[in-house]
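# Summary of structural features
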Amino acid sequence: MALLDIKNIRKKFDETEVLRGVSFSVNKGDVVSILGPSGSGKTTLLRCVNFLEKADSGLMEFDGQMYDLKTISKKEILEIQKHTGFVFQDYNLFRNKNVLDNVTLGLTSARKMSHDKAEKKAMDMLGRVGMADHAKQFPSQLSGGQQQRVAIARALATDPRIIYFDEPTSALDPQLTGEVLTVMRQLADDGMTMLVVTHEMSFARDVSSKVIFMDGGVVVESGTPDVFFRNPKEERTREFLRMEENN
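Residues numbered from 1 in each chain as written. Predicted model: local features only at pLDDT ≥ 70, side-chain atom pairs only at ≥ 80, totals over all residues. Heavy atoms only, no water.

Okay, the environment of Lys-11 next. Checked against the element boundaries, Lys-11 lands in strand β1 (residues 2–13). Distance in space between the C-alpha atoms of Lys-11 and Leu-45 is 8.4 Å, their sequence separation being 34 residues. Lys-11 has contacts with Thr-16, Glu-17, Val-18, Leu-19, Thr-44, Cys-48, Glu-53, Lys-54, Ala-55 and Asp-56, leaving out every residue within four places of it along the chain. In terms of polar contacts, Lys-11 uses its side chain to reach the backbone carbonyl oxygen of Lys-54, at 2.8 Å. (Helix = DSSP H or I, 4+ residues; strand = E, 2+ residues; numbered from the N terminus. Contact = heavy atoms within 4.5 Å. Polar contact = N/O pair within 3.5 Å; in protein donor to acceptor, adjacent residues only side chain to side chain.)

This is how it looks when you write it as structure tokens:
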């Protein structure tokens, strides 16, 4: 049974239909990579699925509960978000708070966890991503890769059922990209369910259990990495992969 099942999600900005009836599912323990050219709707899809944008229509089944994305209530959204994590492209850390406070804040404010318990949880998660030694530093003192690892620790601290990643390495140079992808590979090995918008072909090929290719606001093709990369069915997919190889 799917942990997350999306049916026919649609989203317009003004007169531009960015998502044109997208459907997909994510099973517990899956790592699903979403690929596609710029402007294909990938990030909008991710933001709609976690309610950072409101979809115009569509159905979502999450953890056995069905929701209508057009009429879903604020209370239902907050309940779903308690069980999800989101890692942004630009880290989204509080610049005026140190690493430890960035991770504990959501635990103490939104979840009413005691300060001591939140701090212990935060240190455990920072250790998991190799950032415990930097707990007292501020984001401005860290590299981009380190900041992104703190953002992953923050997402992990809430014990999510699924973590959404929006191009988590796009702002990083190759060495720092490697740091972040190593952490994500470890999470995959640990069985974390992840939905990842990415341009990292090697991650999609080596770590994903499923690859989704989007273009023009629709799912053009999806499948296992082996089939997707070795024997894509659609000419548009083949064209995209050829372009990526030449970059």
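The discussion continues.
This part covers the pairing of strand β7 (residues 162–166). For β7, the tally of buried residues reaches five of five residues, placing the bulk of the element in the interior. Where burial is concerned, the two faces of β7 agree: the one with Ile-162, Tyr-164 and Asp-166 and the one with Ile-163 and Phe-165 are both buried. Relative to β7, strand β6 (residues 84–87) runs parallel, the two being bridged by four bridges. Along β7, the bridge assignment pairs Gly-85 with Ile-163. Sheet analysis places β7 next to strand β8 (residues 193–197), joined by five bridges and oriented parallel. Pairing of Ile-162 across the sheet is with Thr-193, part of β8. Considered for its hand, the β-α-β crossover made up of β7, helix α6 (residues 174–189) and β8 is right-handed. (Buried < 20%, exposed > 50% of the residue type's maximum accessible area, 1.4 Å probe, protein only. Pairing = 2+ DSSP bridges. Right-handed = clockwise from strand over helix to strand, strands pointing away.)

Contact geometry of helix α3 (residues 99–109) with helix α5 (residues 144–156) gives a least axis separation of 8 Å together with a crossing angle of 25°. Classified by the angle their axes make, α3 and α5 are roughly parallel. In this structure, the crossing between α3 and α5 has a hand that is right-handed. Of the residues in α5, those touching α3 at Val-99, Asn-102 and Val-103 are Val-150, Ala-153 and Arg-154. (Axes fitted to C-alpha atoms, helices over the stretch in contact; angles between N-to-C directions. Parallel < 35°, antiparallel > 145°, perpendicular 65-115°, else oblique. Left-handed = near helix turned anticlockwise from the far one by under 90°.)

In this section: the packing of aromatic side chains. Going through the model one piece at a time under the given rule, you end up with four aromatic pairs. Between the aromatic rings of Phe-86 and Tyr-164, the centroid separation amounts to 6.4 Å while the plane-to-plane angle is 50°, which identifies the pairing as tilted. One end of the pair, Phe-86, is in strand β6; the other, Tyr-164, is in strand β7, with 78 residues separating them in the sequence. The same class applies to Phe-86 and to Tyr-164, which are both buried. Arranged with centres 4.8 Å apart and planes meeting at 35°, the rings of Phe-213 and Phe-240 form a pair that is tilted. With Phe-213 in strand β9 (residues 210–215) and Phe-240 in helix α9 (residues 235–246), this residue pair connects regions lying 27 residues apart in the sequence. No difference in accessibility class separates Phe-213 from Phe-240, as the two residues are buried. Aromatic ring contacts, followed pair by pair, group Phe-86, Phe-88 and Tyr-164 into a single cluster. The cationic tip of Arg-205 hangs over the ring face of Phe-229; the distance from NZ or CZ to the ring centre is 4.6 Å. (Phe/Tyr/Trp six-rings, centres within 6.5 Å; stacked < 30°, edge-to-face > 60°. Lys NZ or Arg CZ within 6 Å of the ring centre and 35° of its normal.)

General note: in soluble globular proteins, nonpolar side chains tend to be found buried as a group. Of all hydrophobic cores here, the largest spans 38 residues; its most connected members are Leu-126, Val-150, Ile-152, Leu-156, Phe-165, Met-184 and Met-194. Among the secondary structure elements, those contributing two or more residues to this core are α3, α4 (115–128), α5, β7, α6 and β8. A total of seven residues in this core trace back to one element, the largest contributor, which is α6. When sequence neighbours within four positions are dropped, the list of residues in contact with Leu-126 reads Val-99, Leu-100, Val-103, Met-131, Ala-132, Ala-135, Val-150 and Ala-153. Membership of the second largest hydrophobic core comes to 30 residues, among which are Ile-6, Ile-9, Ile-80 and Ile-162. (Core = buried A, V, L, I, M, F, W, Y, C linked by side-chain atoms within 4.5 Å.)

Bringing the side chain of Gln-148 into the picture now. Within the secondary structure, Gln-148 is located in helix α5. The class of Gln-148 is buried, set by a relative accessible area of 0%.

So, about the pattern of salt bridges. For the structure shown, the criterion picks out 15 salt bridges. When salt bridges that share partners are traced, they join Asp-215, Arg-236 and Glu-239 into one network. (Salt bridge = Lys/Arg side-chain N within 4 Å of Asp/Glu carboxyl O.)

The quantities given are spatial measurements derived from coordinates; they are silent on function.
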